Amino acid sequence: MKPTVAVLHRCLRGLTVAALLTLAAQDTAWAETVLERIGKTGVLNAGTRADAMPFGYRVKVAGKGDERLVGFSVDLIDEIRKKLSQKFGREIATRLHVTTASDRIELVASQAIDIECGITTPTWKRQQAVDFSIPFFGNGTRIMVRRTATMDLSSLRGKRIGVAAGTTTEEILRQHVPDALTVEVPDMASGFEMFARGELDGLANIGIVLRAMVENSPLKSKVTLLPRTEELSYETMACSLPQDDSAWRAFVNEVLADLLDGVDQYRGGYFEIYDKWFGPRGVVYFPLHYTVAQRLSASIIWLK
């Protein structure tokens, strides 16, 4: 008896699905994971900002005239490198790349870099392109203005507020200060220069970045942050990772979780790094708020 057309169609459809599954399995088998590539090359390709003191910024190397990246996020990346060295039983080097608010997601999504740790807030839109680690910092969006201005948000109507291109800040301003005029700036360093020259009436970002930028500036006593006692929106910061690489994401999360262990009691590896950059002798004094410490601690519970 000859098979009917319907039977042939079902058979062919089954073969097609099987073939696709086989090809998918082969692609998965052939795809090199981040850990495999690092183990083979001995290099961690990482990205961070150069305009977000004290998370990532440039300093001159004494006696050489060169510059290098330093900061809170850079130290977190180095903790990941140390754990990689332990895992592979040999020294792993870090190749640091400067990222911007505009290119950081694409650099991770294209796997040009293995990880980006800066001041990136996880969002649903960004998660369509990259994965994220557990949070490693929390702070809120605020607006830096000159003290000569009226000290409330209503005074910002029609005022030019600078925001770095590619950030969540513009959307937050639209929600909370809809009558302000947002002006995209290429990066925070350029935005601060424009603000200092009077080309902007304000500059918006997470409060700690704004405070750090003005810390050693002649403007320090001439500016304030709005709102005065709170933030427009609380934001968590996490490391961006290539999608669909669960082993690499789990490795990074384990490193961060180990560091964060004890943070709600102001002890442990994370707190030591935090104190280095935000403590009394840090770049900018910003004591770790207990609520933030609790939030960070809560993010590692599911990993235990």
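See the structure printed just above.
Notes on the structure in this doc start here. From a predicted model like this one, the values you see are computed outputs, not experimental measurements.

## Things to note about helix α10 (residues 290-298)
Now for step 1: Those residues of α10 that sit buried are Val292, Ala293, Leu296 and Ser297. Projected down its long axis, α10 carries its buried residues within an arc of 135 degrees, all on one side.
Now for step 2: Its buried side turned inward, α10 meets β8 (137-146), β13 (233-237), α8 (246-260) and α9 (269-278).

## Topic: the environment of Glu254
Now for step 1: Residue position: Glu254 is located in helix α8.
Now for step 2: Through-space distance from the C-alpha of Glu254 to that of Lys83 is 9.8 Å; in sequence the pair is 171 residues apart.

## Points about the pattern of salt bridges
Now for step 1: Taken as a whole, this structure holds 15 salt bridges when the rule is applied.
Now for step 2: For the salt bridge of Glu67 with Lys60, the shortest nitrogen-to-oxygen distance reads 4.0 Å.
Now for step 3: Using a relative accessible area of 47% as the deciding quantity, one classes Glu67 as partly exposed.
Now for step 4: Lys60 gets classed as exposed once you look at its relative accessible area, which sits at 63%.
Now for step 5: The residue Glu79 makes a salt bridge to Lys82 at a minimum N-O spacing of 3.3 Å. Taken together, the residues Glu79 and Lys82, both in helix α3 (residues 72-88) and three residues apart, mark about one turn of the helix.

## Some details on the side chain of Arg142
Now for step 1: By the element assignment, Arg142 lies in strand β8.
Now for step 2: Buried and without a salt bridge, Arg142 has Glu231 as its closest oppositely charged side chain, separated by 6.2 Å.
Now for step 3: A polar contact is formed between the side chain of Arg142 and the backbone oxygen of Arg228, at a distance of 2.8 Å.
Now for step 4: Beyond its immediate chain neighbours, meaning those up to four positions away, Arg142 contacts Leu203, Ala204, Asn205, Gly207, Leu210, Leu225, Leu226, Pro227, Arg228, Thr229, Glu230 and Glu231.

## A few points about the environment of Ile115
Now for step 1: Note on placement: Ile115 falls in strand β6 (residues 115-116).
Now for step 2: Distance from Ile115 to Asn45, taken between C-alpha atoms, is 7.0 Å for residues 70 residues apart in sequence.
Now for step 3: Not counting residues within four places of it along the chain, the set of residues in contact with Ile115 comprises Leu44, Asn45, Ala46, Gly47, Ile80, Cys239, Ser240, Leu241, Trp248 and Val252.

## Let's talk about the pairing of strand β11 (residues 202-206)
Now for step 1: Burial analysis of β11 places five of its five residues in the buried class, the great majority of the element.
Now for step 2: Pairing geometry for β8 and β11, over five bridges, is antiparallel. Within the sheet, the bridge partner assigned to Ile143 lies in β11 and is Ala204.
Now for step 3: Here strand β9 (residues 160-164) pairs with β11 via two bridges, running parallel. In the sheet register, Gly162 faces β11, and the bridge partner there is Leu203.

## Some thoughts on empty space enclosed by the protein
Now for step 1: Enumeration over the complete set of coordinates arrives at one cavity of 30 Å³ or more.
Now for step 2: Roughly 110 Å³ of volume is contained in the largest cavity.
Now for step 3: What lines the largest cavity is Arg49, Arg104, Ile119, Thr120, Thr121, Arg126, Thr167, Thr168, Thr169, Asn205, Ile206 and Glu235.
Now for step 4: Along the lines of polarity and charge, the residues of the lining of the largest cavity split into two nonpolar, six polar and four charged.

## Notes on unusual backbone geometry
Now for step 1: The linkage connecting Met53 with the following residue, Pro54, adopts the cis geometry, with an omega of 0 degrees.
Now for step 2: Considering the arrangement of structural elements, one finds Pro54 in the loop between β2 (51-52) and β3 (56-60).
Now for step 3: The residue after Leu226, namely Pro227, is reached through a cis peptide bond having omega -10 degrees.
Now for step 4: Looking at the element boundaries, Pro227 is found in the loop between β12 (223-226) and β13.

## Re the layout of surface pockets
Now for step 1: Empty space within the largest pocket amounts to approximately 340 Å³.
Now for step 2: Asn139, Glu231, Phe286, His289 and Val292 are, among the 19 residues lining the largest pocket, the residues nearest its centre.
Now for step 3: Sorting the residues of the lining of the largest pocket by element identifies β8, α7 (207-214) and α10 as the ones contributing at least two each.
Now for step 4: Top contributing element to the lining of the largest pocket by residue count: β8, with five residues.

## Describing the packing of helix α6 (residues 188-196) against α7
Now for step 1: One can describe the packing of α6 onto α7 by two numbers: an axis separation of 11 Å at closest approach and a directional angle of 60 degrees. If you check the angle between α6 and α7, you find them oblique. Every pair of crossing elements has a handedness; the one defined by α6 and α7 is right-handed. Every residue of α7 that contacts α6 at Met188, Ala189 and Phe192 is listed here: Leu210, Met213 and Val214.
Now for step 2: A breakdown of the residues in the contact of α6 with α7 according to their chemical character gives six nonpolar, no polar and no charged.

Conventions and cut-offs
- For every chain, the first residue of its written sequence is number 1, and the numbers climb from 1 along that sequence.
- Note on the predicted model: pLDDT of at least 70 is required for a residue's local features to be given, and 80 or more for side-chain atom pairs to be given and counted; whole-chain, interface and lining totals, by contrast, use all residues.
- To obtain the side-chain values, all non-hydrogen atoms of the structure were included, while hydrogens and water were left out.
- When accessible area is computed with a 1.4 Å probe and restricted to protein chains, residues below 20% of their type maximum are described as buried, those above 50% as exposed, and intermediate ones as partly exposed.
- A helix here means a DSSP run of H or I that spans at least four residues, while a strand means a run of E at least two residues long, and both kinds are numbered starting from the N terminus.
- Here the arc refers to the directions that run from the helix axis out to each C-beta atom.
- The contact definition used throughout considers only heavy atoms, calling two residues in contact when any of these lie within 4.5 Å.
- A carboxyl oxygen of Asp or Glu within 4 Å of a side-chain nitrogen of Lys or Arg is what we treat as a salt bridge.
- Residues scored as positive are Lys and Arg, those scored as negative are Asp and Glu, and His as well as the terminal groups of each chain are ignored.
- The definition of a polar contact used here is a pair of N or O atoms within 3.5 Å, where within protein one atom must be able to donate a hydrogen and the other to accept one, and adjacent residues in sequence count solely through side-chain atom pairs.
- One bridge is not enough; two strands pair if DSSP finds at least two bridges between them.
- Each cavity reported here is a set of points on a 1 Å grid over the protein atoms alone in which a 1.4 Å probe fits but cannot get out, each pocket an open set with protein on both sides within 12 Å along at least five of seven lines, and each lining residue one with an atom within 4 Å of a point.
- Grid points are joined across faces, edges and corners, and a volume is the space filled by probe spheres set on the points.
- For this classification, the nonpolar set comprises Ala, Val, Leu, Ile, Met, Phe, Trp, Tyr, Cys and Pro, the charged set comprises Asp, Glu, Lys and Arg, and every other residue, Gly included, is treated as polar.
- With axes taken as lines fitted to C-alpha atoms, and helix axes fitted only over the stretch in contact, angles between N-to-C directions fall between 0 and 180 degrees.
- Oblique is the label for any angle not covered by the other classes, which are roughly parallel (under 35 degrees), roughly antiparallel (over 145) and roughly perpendicular (65 to 115).
- By definition, any crossing whose near helix is turned counterclockwise from its far helix by less than a right angle is left-handed, and any crossing with a clockwise turn is right-handed.

Interpretation in functional terms is not warranted from these geometric data alone.
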